[in-house]
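Take a look at the letters that make up each chain.
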Amino acid sequence: MRKGIHRYNYIGVILALSTLLLISCSDKNRPEPTDMRGEVLDTELVKELSLAQVRKIATDSIDSTYLHYPIQCYRVTYSSIYEGEPITTTALMLLPKCDTADKALCVYMHGTNWPIEKHSAQQNMPSNYFNRSSHSGGEVATCGIPLASSGLAVIMPDYIGYGPTADKEHPFIYYPELKNANIDALRALRNYLKLKGKQDVRLAGWSQGGGAALSLHYYIQTDYSSEFNVLSSSCLSGPYNYAGLLEGVLRDSTGLVPPTALCTWSVYVLNRFAVHRNPDQIYTFTVTDQVSAMMNFVGTVWDCFRPYFTTGLLTGADTEWIRASEKNSFHKGWKPTGKVYLHHGTKDPIVPYFNTADAYKGLKDAGGDITLYAYEGKNHFNVTFSFINHTLEDWER
């Protein structure tokens, strides 16, 4: 019920905005982008990890029987596109030190970083991981490093909107745009390793990255099948059914409503990249960019949107918006080649569990080879170790 839903706490955000210095997005030495997507423009070896260091960073919660190799960690600068124009962006590349790491290439896509907290968002980018004072915790440690140590060549994109592209608005969970930097990171990994011909690939991610992984699985099949073959994707707690997610929030049909700021941000992004309406037609407060879309002070999610916008979605009258939402949903209507492993805590208050239940049914009905890991009673944050251990086990087979 509405009265049981807590408002997003903006006090921390206000303090962050008032006390943290913004990191400049300018970089005089940054290579110029090229028209060749996935071209490696620069690499920097930032860390070498022995197997003992890998096991220490990965923590005792990771099954060490799957950690086989020391790894080399590189910051990679590569060319991609943003809204159709060339752009330079970055990623973290993790390579196992062995002669037989030929299982597959792997793209790991990370969860959400709030763009309103510029300092912490920049430091949390995968390519900046080894600039931190501590090398424990976070998805690089718990997911990227174990996958690489198991024998996979791993690339972890920073995403557009962070790092050297912090002056751009992040496409968040608008997958038709988000996919570009991710597929080009995969190309950069292939090009760095000087691989020729069609390559096998595995995809993984959590939260926003879980949705990015499943959608990239789809896009590789439909748009990049001459370059890559998806052996499997392992997706944790992703918003796969975006159309259903927004409708579920507005109907409060699950009792688990994501933070208001995530909802208002996702609507801004869909509008910004796909629908292109004046924000005044959508919001009850002033919105001029992605940050202002998250910084509302008007109450619950129902107070944030104009009644005729909400009514249009819930009655089906707003066909333009519904079509854009459905185009941004990947829970049904296609048969994945390769396997799909779906993971989700059943008590997730950030991305409701029905997203994974819908994807399991929809892709299974389409004839896909789908495995579901439902973590009973778990939430959005206490399932990572179970997810990565199951992924290591499944991909070892």
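These numbers come from a predicted model, not from an experiment.

Concerning the sheet that holds strand β7 (residues 228-236)
Here is step 1 of the chain: If you trace the nine strands from one edge of the open sheet to the other, you get β1-β2-β3-β5-β4-β6-β7-β8-β9, paired in mixed fashion. Each edge of the open sheet carries a strand with a single partner, namely β1 (40-49) and β9 (369-375). Taking each pair of neighbouring strands and ignoring which way they run, the sheet shows an average axis angle of 20 degrees.
Here is step 2 of the chain: Pairing of strand β3 (residues 85-96) with strand β5 (residues 153-157) involves four bridges; the strand directions are antiparallel. Pairing of Leu92 across the sheet is with Met156, part of β5.
Here is step 3 of the chain: Relative to β5, helix α4 (residues 138-149) is tilted by about 155 degrees, and along the sheet it contacts β1, β2 (71-82), β3, β4 (105-109), β5 and β6 (199-206).
Here is step 4 of the chain: Here helix α14 (residues 384-396) sits on the sheet in contact with β4, β6, β7, β8 (339-345) and β9, set at roughly 150 degrees to β7.

Examining the pairing of β9
Here is step 1 of the chain: One ladder, built from seven bridges, connects β8 with β9; its direction is parallel. Along β9, the bridge assignment pairs Gly345 with Tyr375.

Section: the environment of Leu262
Here is step 1 of the chain: Following the sequence through the fold, Leu262 ends up in helix α8 (residues 260-275).
Here is step 2 of the chain: A relative accessible area of 13% means that Leu262 is categorised as buried.
Here is step 3 of the chain: Considered as a pair, Leu262 and Met294 are 32 residues apart in the sequence and their alpha carbons are 7.1 Å apart.
Here is step 4 of the chain: Setting aside residues up to four positions removed in sequence, Leu262 forms contacts with Trp114, Phe172 and Ile350.

Comments concerning α8
Here is step 1 of the chain: Helix length check: α8 (16 residues) gives 21 Å between terminal C-alpha atoms against 22 Å at 1.5 Å per residue, within 8%.
Here is step 2 of the chain: Taking burial as the measure, the 16 residues of α8 include 14 buried ones, the bulk of the element.
Here is step 3 of the chain: Directly after α8, the chain includes His276, whose backbone phi takes a positive value near 65 degrees.

What about the pattern of salt bridges?
Here is step 1 of the chain: Enumeration over the complete set of coordinates arrives at eleven salt bridges.
Here is step 2 of the chain: A salt bridge links Glu320 to Arg277; the shortest N-O distance between them is 3.1 Å. Separated by 43 residues along the polypeptide, Glu320 in helix α12 (residues 319-327) and Arg277 in the loop between α8 and α9 (290-294) bring together distant segments of the chain.
Here is step 3 of the chain: One network of salt bridges, with partners in common, ties together Arg37, Asp184, Arg187, Arg190 and Glu227.

Details of helix α2 (residues 51-58)
Here is step 1 of the chain: Those residues of α2 not exposed but buried are Val54, Ile57 and Ala58. Each buried residue of α2 lies within a common arc of 95 degrees when the element is viewed along its axis, so the set occupies one face. Exposed side of α2, more than 90 degrees from the buried face: Ala52 and Lys56 are the residues found there.
Here is step 2 of the chain: For α2, the secondary structure elements touched by its buried residues are β1, β2, α4 and α14.
Here is step 3 of the chain: Thr59, located one to two residues past α2, shows a positive phi value of around 75 degrees.

Side note on unusual backbone geometry
Here is step 1 of the chain: With phi around 75 degrees, Thr59 is a residue other than glycine that occupies positive phi space.
Here is step 2 of the chain: Counting through the fold element by element, Thr59 comes out in the loop between α2 and β2.
Here is step 3 of the chain: For Thr59, a relative accessible area of 28% gives the class partly exposed.

Looking at the packing of helix α7 (residues 242-251) against α8
Here is step 1 of the chain: Relative orientation of the contacting elements α7 and α8 amounts to 135 degrees, with a least axis distance of 11 Å. Accordingly, the angle class assigned to the pair α7 and α8 is oblique. When the axes of α7 and α8 are compared, the crossing they make is left-handed. Contacts between α7 and α8 involve Tyr242, Leu246 and Val249 from the former and Cys263, Ser266, Val267 and Leu270 from the latter.
Here is step 2 of the chain: Residues that form the contact of α7 with α8 fall into these classes: six nonpolar, one polar and no charged.

Calculation notes
Residues numbered from 1 in each chain as written. Predicted model: local features only at pLDDT ≥ 70, side-chain atom pairs only at ≥ 80, totals over all residues. Heavy atoms only, no water. Pairing = 2+ DSSP bridges. Helix = DSSP H or I, 4+ residues; strand = E, 2+ residues; numbered from the N terminus. Axes fitted to C-alpha atoms, helices over the stretch in contact; angles between N-to-C directions. Contact = heavy atoms within 4.5 Å. Buried < 20%, exposed > 50% of the residue type's maximum accessible area, 1.4 Å probe, protein only. Expected span 1.5 Å × (residues − 1). Salt bridge = Lys/Arg side-chain N within 4 Å of Asp/Glu carboxyl O. Arc of directions from axis to C-beta. Parallel < 35°, antiparallel > 145°, perpendicular 65-115°, else oblique. Left-handed = near helix turned anticlockwise from the far one by under 90°. Nonpolar A, V, L, I, M, F, W, Y, C, P; charged D, E, K, R; others polar.

These figures capture arrangement, not role.
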